Amino acid sequence: MGRGWLKGSVILIALGMVLAACGSNNNNQGAASPSASSPTPSASPSESASGEASPAANDGGTVKVGVLHSLSGTMAISEVSVKDAELLAIDEINAKGGVLGKKIEPVIEDGASDWPTFAEKARKLISEDKVATVFGGWTSASRKAMLPVFEELKGLLWYPVQYEGMESSPNIFYTGATTNQQIVPAVDWLLENKGKKFYLLGSDYVFPQTANKIIKAQLKAKGGELVGEEYTPLGHTDYSTIIAKIQAAKPDVVFNTLNGDSNVAFFKQLKDAGITSKDLTTLSVSIAEEEARGIGPDILQGHLVAWNYYQTTDTPENKTFVENYKKKYGSDRVTDDPIEAGYVAVYLWAAAVEKAGSFDVDKVKAAAKGVEFNAPEGKVTIDGDNQHILKTVRIGELQADGMIKELWNSGSPVVPDPYLKTYDWAAGLSK
Amino acid sequence: MALWLTQLFNGLSVSSILLLIALGLAITFGLMRVINMAHGEFIMIGAYAAYLMQKIFQDSLPGSWFGAYFPLAIVFSFVLAFTIGYLLETTLIRFLYGRPLDSLLATWGVGLVLQQLARSIFGAPNVGVTSPSWLDGGLRVMTGVVFPYKRLFIIGLVILCLLAMYFYIYRSNPGRRMQAVMQNRDMAACLGISTRRVDSTTFAIGSGIAGIAGCALTLIGPIGPTIGTNYIIDAFMVVVLGGVGKLAGTLVGALGIGMLNMLFEWWTTASLGKVLVFLCIVAFLQWKPMGLFAVRSRSLD
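The sections below set out a description of the structure shown in this document. If you're wondering where the values come from, they're calculated on a predicted model, not measured in any experiment.

Helix and strand counts for chain A come out as 14 helices and 15 strands. A buried classification covers 52% of the 431 residues belonging to chain A. For chain A, long-range pairs separated by at least 24 residues make up 70% of all intrachain contacts whose partners lie at least 6 apart in sequence.

Okay, here's the thing in structure tokens:
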């Protein structure tokens, strides 16, 4: 056994050396001929990951940016579409001549729904590919995993999803809503229009837990009443007992922060139990047009959601955006809030770069303050202090065709306040 | 009273779903001893088969026929999962009999491949399956107590599957051959049974039943490339608790876990309830490592 083992390990080491030599060979070739790297976005992550890394990434008329989303695993459900939207924005900008005269070249990586993988790939994108910026992430867990990497390597991340607030990294731009642009106004609206008794239902992880902490403080301050609070593990698929609990608690409103597959199970089983949107108001913050398609619009009809953008949002920019998105990816595809936020992120970055006249992270950050863009959701502006963006809040109702009808909006873009400093009742939450 | 009736029904319903997802595994893992990590993906295949059948009815057949798609979808999902199971057994699993760790890793890999395949074919987002209108609504037992037809249907389907399996395994000739091979392979081979063919068929039947489970689950749950992962742990729990190799054990195991799950979830929360159920199972297996129904047979030692 001893000898066989020795022989095996020798072969293994030899093999490793050969492979390493091949790898460095590839890299050398890449450096020698930068023209070999194609400027067209490639759909396969492995293709773009292999061998294109030239140390002087920003030479030769292109600038590399990272696109880091889960293309496999549970989160692929949501993140693939955001990646598509980001590539669409990159194509559009390239068609108009690129940024500072350079074509944008996306380097696509797969976070694989695994948080350490996100950190690892972020490190690879910054250190090896020398990308100018990265667009990516969906879950708060993936963002929290990438955050230290971006701060350590002085990288730049554009994060496109609504999240639980209480964060403001100097190396991240947040183009999704923070709590005071989605959850806080939604709770206010519900208290005013639907009733005081709240039941909080969420998946058991950081976003719902933090969001509900904020909602509880808000309810206490505004005279609302909490009649129940329940968390289910991610991927939970039987809600019969929870529905019985909700029926027993008789709330006016169920505030739903469930994420992923659980939403499908919850709403299907709610309908089977004979409860429709007329009997019980629910407001969800994780169901958009894309998710509605997977749940079945007939099941969701009449239920409420809160976002900053709907496919039906009536702006000329949105009309073009929806048209282009469908033209590129198929007429059966829909757009939704995170998809739009990913698309906007690319344009905001490009605008900040143009303003800075440089791809340097610090210069781009300094220039980003006050950068405006006529987004599909309406005009958005980067807040220079916390690097979030000003967004209009919209509450909508799901229709039988899977689209969302806007019931209420905030009128003008809301200034982001990730730590809820301007709300008296929120004092002590950020501790 | 009304509440308890509802909860009792919910417990029964959860048990029936657990039983449905575990039945196929009771064959592939329970009888054949293949640690089949791709079991969840056969459930996924069944769910997509239902989606396909629905699409065919929507696109190319008159609208009034739509209600009939579901029974056909059940048959189709069985056939599809059966075929893929058969192919998997003949190309891969049969080389791994008696090597539990290898088959665990290999089937896990097959599961990942099948997931990515579904993602390439149907796209990463979930797809929606509209359940037939004759399953909408529920049976009103008394005020405030509604038994949804879909859950009643699943309970009925499980009973049907269980009966069919019982008659196949214990009362039919192919079933007897299957038992013979599983109990004493060499002797069965000596008596002229083609153990190869029995192995393939058995594995395919287990996969086919997982397909039926996937089809039924489209009524109450999501349909996406990774839904299998939501059910695989529960399925193994049921089979292990029930006692590997016994149909009756699987039945009692599913009932036990389903009822306990309902009670704990009612008393505590969904997350804590699940932890408590697992704790109970672990404690029970410490006391009876062979599960509820231990098979006493020399060949299983």
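All right, on to the overall build of chain B then. When helices and strands are tallied, chain B shows eleven helices and two strands. Starting at the N terminus, the α and β elements of chain B follow one another as α-α-α-α-β-β-α-α-α-α-α-α-α. Taking 2.2 N^0.38 as the reference for a compact globule, 301 residues should give roughly 19 Å; the C-alpha atoms of chain B span a radius of gyration of 19 Å, in line with that estimate. For chain B, the spread of C-alpha atoms along the principal axes amounts to about 60 × 50 × 35 Å. Out of the 301 residues in chain B, the part that is buried amounts to 49%. Restricting the contact set of chain B to residue pairs at least 6 apart, pairs at least 24 apart contribute 76%.

All names here are of chain A. Positioned with a positive phi, lysine 130 is a non-glycine residue whose angle comes to about 50 degrees. Its place among the elements puts lysine 130 in the loop between α4 (115-127) and β3 (134-136). Despite not being glycine, lysine 250 shows a phi value in the positive range, around 50 degrees. Within the secondary structure layout, lysine 250 lies in the loop between α8 (240-249) and β8 (253-257).

Residue and element names in this part refer to chain B. With respect to the helices and strands, the residue leucine 263 is situated in helix α10 (residues 247-267). Accessibility expressed as a C-beta count within 10 Å gives 16 for leucine 263, which makes it partly exposed. In sequence terms leucine 263 and phenylalanine 236 are 27 residues apart; their C-alpha atoms lie 21 Å from each other.

Attention shifts here to the pairing of strand β2 (residues 145-148) of chain B. The two faces of a sheet get side chains in turn, since along a regular strand they alternate between them. All names here are of chain B. Judged from the four bridges that link them, strand β1 (residues 138-142) and β2 form a sheet pairing that is antiparallel. Opposite leucine 139, over in β2, you have phenylalanine 147 as the bridge partner. Connecting β1 to the antiparallel partner β2 that follows it, the hairpin turn spans two residues, and glycine 144 within it adopts a positive phi of roughly 85 degrees.

Reading the values: rules and limits
- Residues numbered from 1 in each chain as written.
- Chains lettered and ligands numbered in written order.
- Predicted model: local features only at pLDDT ≥ 70, side-chain atom pairs only at ≥ 80, totals over all residues.
- Helix = DSSP H or I, 4+ residues; strand = E, 2+ residues; numbered from the N terminus.
- Buried ≥ 20, exposed ≤ 12 C-beta atoms within 10 Å, placed from the backbone.
- Contact = placed C-beta atoms within 7 Å.
- Rg over C-alpha atoms; globule rule 2.2 N^0.38 Å.
- Pairing = 2+ DSSP bridges.

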